[in-house]
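Residue-level listing of the chains:
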Amino acid sequence: MSQPGTPFAPAVAAQIAAWWEAAAATPSPPGGGGNGVGTTLGPPPPPPSRRPLVVGLSGPQGIGKTTLTNSLLRILKDEHTLRACCFSLDDLYPTAANQLSAARANPGNKLVEFRGNLHDIELGVATITALLSSSSSSSSSSSSSALTTATTAAIPVFDKSLNGGRGDRKPVDQWTIVDLPLDVIILEGWCLGFRPLDDSRLASAVDALPPTAFSRQHSLDDLRTVQANLKRMEESIYIFFDAFIQLAPTDVSLVRKWRKQQEDSMREALGDPSAGLNDDQLTEFISRFMPSYELGLDRLTKDGFFGDSRPGRFLQITLEEDRQVLSSNLK
């Protein structure tokens, strides 16, 4: 099965390099996101004159984000002499203990009973801040400070194979160490770029969905919990983005097929047929992601990440079922 690593990775890498050159020549003001929200959980981004270019990469589970980013890191280094790193929104999932606490605090809310819809936003801010700097003094995270130095930063690692497929964050001494300084930072995630809906818009959006929509299986209160996570992400993570890439599916129903391929690949790589999620667990797992897709994916696809505020900074690549490119647009 073709994955979006080889065919169009060179073109995407060239676009990232062009963004980096443009930012160096005429730096844009900090506070990407394009929404004017000012509240953050950490210090504001450093002056953008020579700070790394921060790129968001969004795409549903299984579409090939990891395959693409692995190719991008190699191409950016070998063909564009740019020092780049990537980490995943998945690595910001709460620890197993914190996820359990969230489930207990929201009894009956299946959207937070399992990993996927909640993230450690503070850890994300601290990680990006550390990667942006060549000095550990900018990091506000006590959990990673032991591994952050003047020349290195630590990226958290979430292992989805632990706890019978429920996953858990690895100990700090098993996090990924990245050499500083960097030219490009890529943050990828399945719901990255989705915008939160306030109460009135949430109710209207759910009412507009077909009767069989997954979102209709949950109360508005349960959906609000997920929207609150998105709001904190918008306020504190999105402000770092200088450019954004979306891998868009032709149909959101492809998510389950692609996600099963991911689980099968993980079991094969680990040599453990019991690792990860079985078919029944996978069906239940995917059903908890679908409301976010129903309420957020279409808006990102139609409006882009920056809206009209940053022309030429949003790259949208639409992929067919076999992950071949259907179209590519720079907006």
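Above: the structure in question.
The residue count restarts for each chain, going from 1 along the sequence in the order it is written. Only residues with pLDDT of at least 70 are given local features in this predicted model, and only at 80 or more are side-chain atom pairs given and counted; all residues enter the totals for whole chains, interfaces and linings. Side-chain descriptors were evaluated using all non-hydrogen atoms of the structure, hydrogens and water having been removed beforehand.

Asker: So what about the overall build of the protein chain? Which residues, and what values?
Answerer: Helix and strand counts for the protein chain stand at eight helices and ten strands. Only protein chains enter the accessibility calculation, which uses a 1.4 Å probe; a residue is then buried when its area is under 20% of its type maximum, exposed when over 50%, and partly exposed in between. Across the 331 residues that make up the protein chain, the buried fraction comes to 53%. Nonlocal contacts in the protein chain, meaning residues at least 24 apart in sequence, comprise 77% of its contacts between residues at least 6 apart. Areas reported as accessible are Shrake-Rupley estimates using a 1.4 Å probe. Residue values count occlusion only from the protein chains shown. Roughly 14,100 Å² of accessible area belongs to the protein chain as shown, and the carbon and sulfur atoms make up 52% of that amount. What counts as a helix is a DSSP run of H or I of at least four residues, what counts as a strand is a run of E of at least two, and both are numbered from the N terminus. Any two residues whose heavy atoms approach within 4.5 Å at even a single point are treated as in contact.

Asker: Describe the pattern of salt bridges, listing the residues and the values that go with them.
Answerer: One speaks of a salt bridge when a side-chain nitrogen belonging to Lys or Arg is within 4 Å of a carboxyl oxygen belonging to Asp or Glu. Within this structure, the stated rule accounts for 17 salt bridges. Put simply, arginine 267 and aspartate 264 hold a salt bridge, and the shortest N to O gap is 2.9 Å. Of this pair, arginine 267 and aspartate 264 both sit in helix α7 (residues 254-270), three residues apart, which is roughly one turn of that helix. When its relative accessible area of 15% is taken as the criterion, arginine 267 is described as buried. Salt bridges sharing partners connect three or more residues here, namely Lys110, Glu113, Glu284 and Arg288.

Asker: Could you give an account of the layout of surface pockets, naming the residues involved and the relevant values?
Answerer: With a probe scaled to a water molecule rolled over the atoms, the places where space remains empty come into view. Residues are called lining when one of their atoms sits within 4 Å of a cavity or pocket point, these points coming from a 1 Å grid over the protein atoms alone, where a cavity is a set in which a 1.4 Å probe fits but cannot get out and a pocket is an open set with protein on both sides within 12 Å along at least five of seven lines. Grid points are joined across faces, edges and corners, and a volume is the space filled by probe spheres set on the points. Volume-wise, the largest pocket comes out at about 1,100 Å³. Around the largest pocket, the lining is made up of 41 residues, and of these Thr66, Asp90, Lys160, Glu188 and Gln262 lie nearest the centre. Elements represented by at least two residues in the lining of the largest pocket include exactly α2 (65-80), β2 (84-88), β4 (158-159), β6 (176-179) and α7. Residue composition of the lining of the largest pocket, by class: 17 nonpolar, 14 polar and ten charged. Under the convention adopted here, Pro, Cys and the residues Ala, Val, Leu, Ile, Met, Phe, Trp and Tyr are nonpolar, Asp, Glu, Lys and Arg are charged, and Gly plus all remaining residues are polar.

Asker: Mind laying out the environment of alanine 24, listing which residues take part and the relevant values?
Answerer: Looking at where alanine 24 falls in the secondary structure, it is placed in helix α1 (residues 9-25). According to the relative accessible area criterion, alanine 24 is partly exposed, its value standing at 26%. Considered as a pair, alanine 24 and arginine 50 are 26 residues apart in the sequence and their alpha carbons are 6.3 Å apart.

Asker: Give me empty space enclosed by the protein: which residues, what numbers.
Answerer: Considering all chains together, one arrives at four cavities of 30 Å³ or more under this definition. Taken as a whole, the second largest cavity spans an internal volume of roughly 40 Å³. Here the lining of the second largest cavity is composed, by residue class, of four nonpolar, one polar and four charged.

Asker: Could you give an account of the nonpolar core, naming the residues involved and the relevant values?
Answerer: As used in this record, nonpolar core signifies buried Ala, Val, Leu, Ile, Met, Phe, Trp, Tyr and Cys residues forming a set joined through side-chain atoms within 4.5 Å. Leu131, Met233, Ile237 and Phe241 are the most contacted members of the largest nonpolar core, which has 49 residues in total. Mapped onto this core, the elements with two or more residues apiece are β2, α4 (121-132), β3 (152-155), β7 (184-189), α6 (220-236) and α8 (279-303). Take this core: its biggest share by element is eight residues, from α8. The contacts of isoleucine 237, once residues within four sequence positions are left out, are Ile121, Gly124, Val125, Ile128, Leu187 and Arg232. Counting residues in each nonpolar core, the second largest holds 29 residues, with Val55, Ala243, Leu247 and Trp258 among its members.

Asker: How would you summarise α2 if you had to cite specific residues and measurements?
Answerer: Three- or four-residue spacings in an α-helix give side chains the same orientation, since the helix completes a turn every 3.6 residues. Those residues of α2 not exposed but buried are Lys65, Leu68, Thr69, Ser71, Leu72, Ile75 and Leu76. Axial view of α2: buried residues confined to an arc of 165°, hence all on one face. Every exposed residue of α2 that faces more than 90 degrees away from the buried side is listed here: Lys77 and Asp78. Turning to α2, the residues buried within the fold contact α1, β1 (53-58), β2, β7 and β8 (243-249). Residue threonine 81 follows α2 closely and has a positive phi angle near 50°. Taking the helix axis as origin, the arc is that swept by the directions to the C-beta atoms.

Asker: Give a detailed account of the packing of α4 against α6, specifying residues and quantitative values.
Answerer: For the pair α4 and α6, the least separation of the axes is 10 Å and the interaxial angle reads 20°. Of the possible angle classes, the one that applies to α4 and α6 is roughly parallel. Judged by the sense of rotation from one axis to the other, the crossing of α4 with α6 is right-handed. In contact with Ile121, Glu122 and Val125 of α4, α6 contributes Asn229, Arg232, Met233 and Ser236. Taken together, the residues that form the contact of α4 with α6 break down as three nonpolar, two polar and two charged. Note on geometry: axes are lines fitted to C-alpha atoms, helical ones only across the stretch in contact, with angles between N-to-C directions running from 0 to 180 degrees. Angles are sorted into four bins: roughly parallel if under 35 degrees, roughly antiparallel if over 145, roughly perpendicular if 65 to 115, and oblique for all others. By definition, turning the near helix anticlockwise from the far helix through less than a right angle yields a left-handed crossing, and turning it clockwise yields a right-handed one.

Asker: Can you break down the sheet that holds strand β10 (residues 325-330) residue by residue, with the values?
Answerer: A pair of strands is labelled paired if DSSP reports no fewer than 2 bridges between them. Read from one edge of the open sheet, six strands run β2-β7-β1-β8-β9-β10, paired in mixed fashion. With partners counted over all chains shown, the strands left at the sheet margins are β2 and β10, one partner each. Strand-to-strand twist across the sheet, computed as the mean angle between neighbouring axes with direction ignored, equals 15°. Of the strands in this sheet, β1, β2, β7 and β8 are in contact with α2, which crosses β7 at around 175°. On the sheet, α8 packs against β1, β8 and β9 (314-319) and is oriented at approximately 115° with respect to β8.

Asker: Give a detailed account of the side chain of asparagine 229, specifying residues and quantitative values.
Answerer: Its location among the elements puts asparagine 229 in helix α6. We classify asparagine 229 as buried; its relative accessible area is 6%. Two N or O atoms count as a polar contact when they lie within 3.5 Å, although within protein this holds only if one can serve as hydrogen donor and the other as acceptor, and sequence-adjacent residues are included solely when both atoms are side-chain atoms. A polar contact is formed between the side chain of asparagine 229 and the backbone nitrogen of histidine 119, at a distance of 3.0 Å. Setting aside residues no more than four positions away along its own chain, asparagine 229 makes contact with Asn117, Leu118, His119 and Ile121.

Purely spatial values, then, with no claim about function.
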